[in-house]
Every structure is written in structure tokens, then in C-alpha cells.
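# Results of the structural survey
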Amino acid sequence: MIARRLQYELMSHALGPAMVAYQTWSDERRRSRRAAKESPFGPQLECTRKLKELMTRHYLAGRYADGAVPVAWVTSGFPVEFLRALGFFCVYPENHAALCSVQRKSAELSEVVEKEGYSRDLCSYARSDIGCALSLKTPVGRLPKPDLLACCTNICQTVLYWYRALAEHFRVPLVLLDTPFVYGSASPHQIQYVRDQLGEAVETAERISGRKLSGERMQRTAELALEGANLWGQCLEQGRHSPSPWTGFDGFFHMAPIVSLRGSEETNDYYRLLLAELQDRVSRGISGIREERHRLVWDNLPVWFKVRDISTSLAQRGFNLVCTSYTNAWAEAGKRMDPQDPLGSAARVYTHIILNQDLNNRMEVLRRLATEYRADGAILHSDRSCKPYSMGQVDLREKLASELGIKVLLLEADHADPRAYSSEQGETRLAAFMESFA
Amino acid sequence: MSVCAFGIDVGSTTTKAVAIDAGGRILERRVEPSHPRIEEQSARILDSLRGALGDAPVGATGYGRKRVKAGRILTEITCHARGAWTCARRPGVLIDIGGQDTKVIRLGPSGEVTDFAMNEKCAAGTGRFLEVILGRLQVPFSEVGDLVAKAAKAVPVSSTCTVFAESEVISLVAQGEPLEGIVRGLLQSLAARVSALAGSLPDGSSVFMSGGVALNRAMVETLQKVLGRPVEVLPEPQLVGALGAALSVRS
């Protein structure tokens, strides 16, 4: 245990960063040798290198985490602050599945679980994750075995069955936080219901970690989470400038820390750096794409395995994604966090996640984003794997088009599984959408 | 009248090309089954048009559009809309049932595309669907109209998935259902699928049809019944996309 802890500390604080720095340096050398091709994008964000370092270090530390510190696998919408305050190393299977998709590993991992009898209609994140648990294949080398599984139903009901499958596989306890779906705003009774469950979840996590939750540490983590959400929100708001200093596609990648490392100093340091760079780009008129002629809102998760193609084909014709409802979700909910009442406010924050609220709220968010970011079009990604996010988009499309007078495209794809996407038809739709602006 | 532009529509099943004059009238047309070597086929077709009429700029559309040497490359959606607007000159809803996909395009008051919907990844409810099942039943495309007219009633075909519908049709044949009834059921199934894609149509809006399947009178009649309104087949419906491509480069 002590040796393992030493190895973990060494990897996360000394050797790990050194290895990451070397990797980054060699990547850059390789890149600079390649001839610079004509790009429709603006200059790359300097922060991208830091982001890569931060996330690589996180996954590198993860390889040595189990046996050294308590490990939890959590859903993206789980109130992770108390786990962090208890010293848990948290793995985000959704973030990991996105990484698998970007690295073209999703189909292979899906085949592993499909052979085990899981349906191909199951969410591709769930398939990638269970596939990784069963086959131990991962582009990050190794994921630490969990001591605890923590799942919150505020993003979908699939997570419940997904984490039950993981619990059976790893034979570890599962804490479930059930968040009632919110129409309008949550009633005090609903918030109390979630708060009570949080109390039970804390007890389980205390038992597993062998520690008592310190009020001081909990408050500090909540402060960091609140500050992180605000910093991330400010970064996103830079997109309101014309031209936007970055693209929504950049945002999809730069959101990794607020998802996976929420409530930590390093995350907030990172976003301070990103914010400064974005503000500097705004002051110098540096644009995310070379020539911004149209500004778009994006709804739903990205199509991870096609981000490069979709972003390039948009940028080539002067279309920039200036905001997305997905990246915005991480700035919006966290603002309700109250460090004076960390658990009570967590119940409120995590019940009011965009996917746990009704369609009127979704429409309000999109209307506000489109107006504040002065968008003249919207792409609604109808995501085969994320039904809660995709349901209602036909109505949203009609409302956005008729009430705001903007052009709206419904793009059928999937967030991770390339087999559920037809490139040719997807590209034709996208091209026809852009042609309709002429 | 001298040639002013060429338009070529490289579809999944057929390749269509037109030459137009300054008034947008079609001077020459070519229709051939699509060949896998798109570059060669499109160059040959365009050369034959140039040989007959002289040189002019080229606009390309369709699945193979990026393989064509053309001055302008546009999607089928934009081209069908442009072609349809030139023919009809009024707003409405355009249905194009092509070989690989079915599109419903809404044309605004000045011919612009206000919205469009397409079938999903699979070929359910497309021209390919009809082609496969009719092939299985050994019914030539040209005989569909007469056959359907003879049907006493439609035999429902519940699936629009080409693969499932094929096995469904085989079992209907095995059960001794009349061929003409099955074909009528097939057309109804396709029309229902198109109707779902079209969504609710505003009262009084015109419905136009383009694409090769519009040449099938029985299909058009079935669609009219399902939509509950007249469907106006555009002149030379198969060429509407190529016409739109030509119009986009007309000087």
C-alpha cells in the first residue's frame, strides 16, 4: 500500500509531468517538420498544449491510482465534490469513451460488448466503457479498478443499467443518486429527496475511503467547483465577440478539465490561463476560423470521430460554431453551488442539469445562446446514442426557425460510434445547409 | 439558340446531364446508368455535349459531384430546388425520390430552400427500395402502372426497410397473395414513408415531384392519395437536379 502510494505520487507529481513534457516536445518537433498546409482555422490556441499535459497527467496518474488511493468511476453529472474532498481519484468513463472515439477505438470496443450480448442500440459511451472494462483495451494504457461506482440519473436512465453492469463486473458498491425530472423548477420536496440520498452516498464513500468528510475540505472543494464553473463560463462568453477568438469545437476539447477534474486547483489554474489567452486574442482580433461569415449554435454532444471533418468543412465556408448547449451546461449549473451549504446546494445544482429539465428550458437555453452570441444558424445534432438530448429536437428546430428566423439543421449522427453515421449523407446535409445561406 | 451552361447530376443509379440556353431551356439531355468510374463517365458525357453544342461552364451535383471536373459543385438539395423553381415559379414542397435517398425540400417565396428533410442512413423508402423489391417480383418498372390498376385491393407491406420488406414480400407471395395487390401495397408503404418525412403540409401549399421515381404514374397517384392533395410532376423530372446545376453556372 505504501509502495503503491509512493509510485502514484511519483507518477502524478514528478515523473508523470516530465514524461508528458517530453511527449509534448517530441510531438511538436514532429509537427514542425511537416509542411504547414493551408488551414481554414485561425492560429492554434497556445493553451492546447497545457490541456494535453493536464489530461495526459491525469490519465497517467490513474494507471497507478488503484491500491494507492480510493478510486471512483463516476458519471459526468455526479456531484463529485464530496468524493474529491474524501481523496478519491475519479475516473470519468464518458470522457474516456470520447477519447476512445477520437482515437477511432469505439467500433472495436463496441464489438467486444456486442459479442457479450449487449445491444448495438445501447449508448455508444456505455458500449465503449463496458468494452474497455471487459477487454482491458484502452488508448490511455490502463484505467484504475474502481472501489466505488457513483451514478446520477440526471443525464439519462441508461447510466443506471450501465453502472449496474459495471458493479456486477467489478463486484464493488454502487451509489445511485436519483434526480426527479424537473418541469419548470424543482420543488423543495424534490431537492430534499436528492439531498437525503446525498447523505447516504457520503456515508458509503466514507466507509470505502476510511475517512470522515471534513467540513473544511468540502467547503474548499465547493469553492473551487464554483470558481471553476465561473471561469469556464467566462471562457465561453469570449465567443460573443465578433469574430469569436475560438470555435465551439475547441470548446468540446477544452471542457475536459471542468468535466473530469472539477473542483481542483489545477483545473482553475488552467481556465485562468485559457481565459487570459482568449481575452488577448479578442483584443488582437484573432479569430477561431480564418474568415468568420456566419455564426452557429450547436446542440447536443459532438460527433467525436468526425470533429475534424465537420469543423473543417464549416470553417472552409466561413461558418464558426460560436457556442454549444453542451459546453454551456458545465458553466450554467455549477453557478448555483454555495460553499456555505455544499451538499444542500449540490442537490440543487445537480437536479437542474439541462438534461434533467423539460423542453421549454432547453428552448430557453438555445434561444438565449442564439441571441447573446448573435447566431444566424443552428445545428441540432440528433444523436443516436443520446436519446434524452435528441428528443424534442424536431420541435426545437421549428421553434428556433420560426421565432428567431435562423436557419436550423438537424444532423443525424452519433457521439462515438462511426458505424451509426453515414458520412456521405451527413456531408450532403451539412453542405446543403451552408448553401442555403447564400 | 446557343449553349450557355452544362449541368450534370451524378446519382447513385443514373447520371443525368443537360445543356441549357440563356433562358434556361434544355437544349440537349443525356441519361445513363451510373458507372463506378465517375471521372471517365462524366468527362465522356460532357465531351459529347460539347461536341454537339460547343463549350460552356459546368455545374455538378449528385453523389458523385466531387469527382466531376466542374466550375461549381453543389448539393442535390440546392440544385433540385433551383431546377424546380425554374419549372414551377411558385413556392411549395418538393419531393424528390432518388435512388439512394428521398428528400423533402421546402421552397420559399423566392425559390430559396427554407427547410429540408432526408431519409436516414438506410435506403428505406427510396427508389432503391422499389427497384430491389420489384426486381425480386420480376416486375419491370414500365409495367407497374398497369399492374396496380388491375389490383382489387392493396396487400399491406408493413416494412419500408428494403431487407425486411423483401422477405415480407416473399412470404406474401408464398401465401398466394396476388402480385398486383402486393405491388400496390408496396407503393402505399413507400408513399406513407415519404408522407412521414414531409411532415404536416401547410394548407394550400403546392406539392411538386422530381427524380426518376416521378416517372412512375402509379407511384404519383398513390402519393396523391396518401398526401390528400395533388402532386405536380415537374417536366422531365429526372433532369431537375441537372437543370439546377446548370442554372447555378449560367452566366
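Here, residues in each chain are numbered from 1, in the same order as that chain's written sequence. Numbering of ligands from 1 and lettering of chains from A proceed in the order in which they are written. Note on the predicted model: pLDDT of at least 70 is required for a residue's local features to be given, and 80 or more for side-chain atom pairs to be given and counted; whole-chain, interface and lining totals, by contrast, use all residues.

Now for the overall build of chain B. When you go through chain B residue by residue, the secondary structure sums to 8 helices and 10 strands. With C-alpha atoms as the basis for the radius of gyration, the globule rule is written as 2.2 Å multiplied by the number of residues raised to the power 0.38. For chain B, whose C-alpha radius of gyration is 18 Å, the value lies close to the compact-globule estimate of 18 Å for 251 residues. With the C-alpha coordinates aligned to their principal axes, the bounding extent of chain B is approximately 60 × 40 × 30 Å. Exposure classification rests on a simple neighbour count of other C-beta atoms within 10 Å of a residue's own: a residue reaching 20 or more is buried, one at 12 or fewer is exposed, and one in between is partly exposed. C-beta atoms are placed from the backbone. Burial status across chain B gives 49% buried among its 251 residues. For every residue pair, C-beta atoms are placed from the backbone, and the pair is scored as a contact if these atoms sit within 7 Å. A sequence separation of at least 24 residues applies to 69% of the contacts in chain B between residues at least 6 apart. Each helix is a run of DSSP H or I of at least 4 residues and each strand a run of E of at least 2, with the numbering of both proceeding from the N terminus.

Let us look at the confidence of the model for chain B. Do not read the predicted coordinates in detail wherever pLDDT is low. All names here are of chain B. pLDDT is defined as a per-residue confidence score from the predictor, taking values between 0 and 100. Averaged over chain B, the pLDDT score is 90; the fraction of residues at 70 or greater is 97%. For chain B, per-element mean pLDDT is lowest for helix α3 (residues 127–136), which scores 86, and highest for strand β4 (residues 58–61), which scores 97. Among the prediction metrics, the complex's ipTM stands at 0.81, with pTM recorded as 0.89.

Okay, the environment of A:R195 next. Residues and elements named next belong to chain A. Following the sequence through the fold, R195 ends up in helix α8 (residues 188–209). When the C-alpha positions of R195 and L177 are compared, they lie 9.4 Å apart, and in sequence the two are 18 residues distant. Ignoring anything within four residues of it in the chain, the contact list for R195 reads L343, G344 and A347.

Two faces make up the sheet, and in a regular strand the side chains alternate between them. Residue and element names in this part refer to chain A. Residues V175 and L177 point to one face of strand β4 (residues 174–177) and are all buried, whereas L174 and L176, pointing to the other face, are not buried. Where strand β3 (residues 148–152) lies against β4, 4 bridges are found, and the strand directions are parallel. Opposite L149, over in β4, you have L174 as the bridge partner. DSSP calls a pair of strands paired once it identifies at least 2 bridges connecting them.

Let us now look at the interface of chain B and chain A. Each partner contributes to the interface: chain B provides 12 residues, whereas chain A provides 10 residues. For the side of chain B that touches chain A, the secondary structure elements donating two or more residues are α2 (76–88) and β8 (113–118) of chain B. Of the residues belonging to the side of chain B that touches chain A, the class tally is 6 nonpolar, 2 polar and 4 charged. As a working rule, the residues Ala, Val, Leu, Ile, Met, Phe, Trp, Tyr, Cys and Pro are called nonpolar, Asp, Glu, Lys and Arg charged, and the rest polar, with Gly in that last group.

A helix is expected to span 1.5 Å for every residue after the first. When the terminal C-alpha atoms of helix α6 (residues 179–198) of chain B are compared, their 29 Å separation across 20 residues agrees well with the 28 Å that a helix rising 1.5 Å per residue should span. Trailing α6(B) by a residue or two, B:G199 shows a phi angle of about 70°, which is positive.

Turning our attention to the pairing of strand β9 (residues 206–210) of chain B. Residue and element names in this part refer to chain B. In this sheet, β9 lies alongside strand β6 (residues 92–97) in parallel orientation, the contact comprising 5 bridges. If you follow D96 over to β9, its bridge partner there is S210. Summarising the sheet, β9 and strand β10 (residues 231–233) pair through 3 bridges and their orientation is parallel. Within β10, the position partnered with V207 by the bridge is V231.

As a further point, take helix α15 (residues 342–351) of chain A. Residue and element names in this part refer to chain A. Counting buried positions along α15 yields 7 of 10 residues, so the element is predominantly enclosed. Along α15, the residues classified as buried are P342, S345, A346, A347, V349, Y350 and T351. Check the buried side of α15 and you find it contacts α3 (81–85), β3, α8 and α9 (215–237).

Residue and element names in this part refer to chain A. Strands sit in the order β6-β5-β7-β8 across an open sheet of 4 strands; the sheet is parallel. One side of each edge strand has no neighbouring strand; the edge strands of this open sheet are β6 (319–324) and β8 (407–413). Neighbour to neighbour, the strand axes of the sheet diverge by 30° on average, direction disregarded. The pairing of strand β7 (residues 377–383) with β8 spans 7 bridges and is parallel. The residue of β8 that forms the bridge with G377 is K407. Note on geometry: axes are C-alpha line fits, over the in-contact stretch for helices, and angles between N-to-C directions span 0 to 180 degrees.

The next thing to look at is the nonpolar core. With 202 residues, the main nonpolar core has A:L83, A:V297, A:A378, B:F6, B:I8 and B:A246 as its most contacted residues. The greatest single-element share of this core, amounting to 10 residues, is contributed by α9(A). Sequence-distant contacts of B:A246, defined by excluding residues within four places in its chain, comprise B:A5, B:F6, B:G7, B:V18, B:I20 and B:G59. To form a nonpolar core, buried Ala, Val, Leu, Ile, Met, Phe, Trp, Tyr and Cys residues must be joined through C-beta atoms within 7 Å.

Okay, the packing of helix α6 (residues 124–135) of chain A against helix α7 (residues 158–170) of chain A next. All names here are of chain A. Where α6 meets α7, the axes come as close as 11 Å, and the angle between the chain directions of the two elements is 5°. Between α6 and α7, the crossing angle belongs to the class labelled roughly parallel. Packed against α6, whose contacting residues are A126, I130 and A133, the element α7 presents T158, W162, A165, L166 and H169 at the interface. Among the residues making up the contact of α6 with α7, the classes are represented as 6 nonpolar, 2 polar and no charged. Roughly parallel covers angles under 35 degrees, roughly antiparallel covers those over 145, roughly perpendicular covers 65 to 115, and oblique covers all other angles.

Turning next to unusual backbone geometry. Residues A:S242 and A:P243 are joined by a peptide bond in cis, for which omega reads -5°. With respect to the helices and strands, A:P243 occurs in the loop between α9 and α10 (248–254).

What follows deals with the sheet that holds strand β1 (residues 3–10) of chain B. All names here are of chain B. Here we have 5 strands laid out as an open sheet, ordered β3-β2-β1-β4-β5, and mixed in their pairing. At either margin of the open sheet sits one strand with a lone partner, and together these are β3 (26–33) and β5 (72–73). In this structure, β1 lies alongside strand β2 (residues 14–21), joined through 7 bridges in antiparallel fashion. Residue pairing across strands places G7 opposite V18, the latter belonging to β2. Across the face of the sheet, helix α8 (residues 240–249) comes into contact with β1, β2, β3, β4 and β5 while running at roughly 135° to β1.

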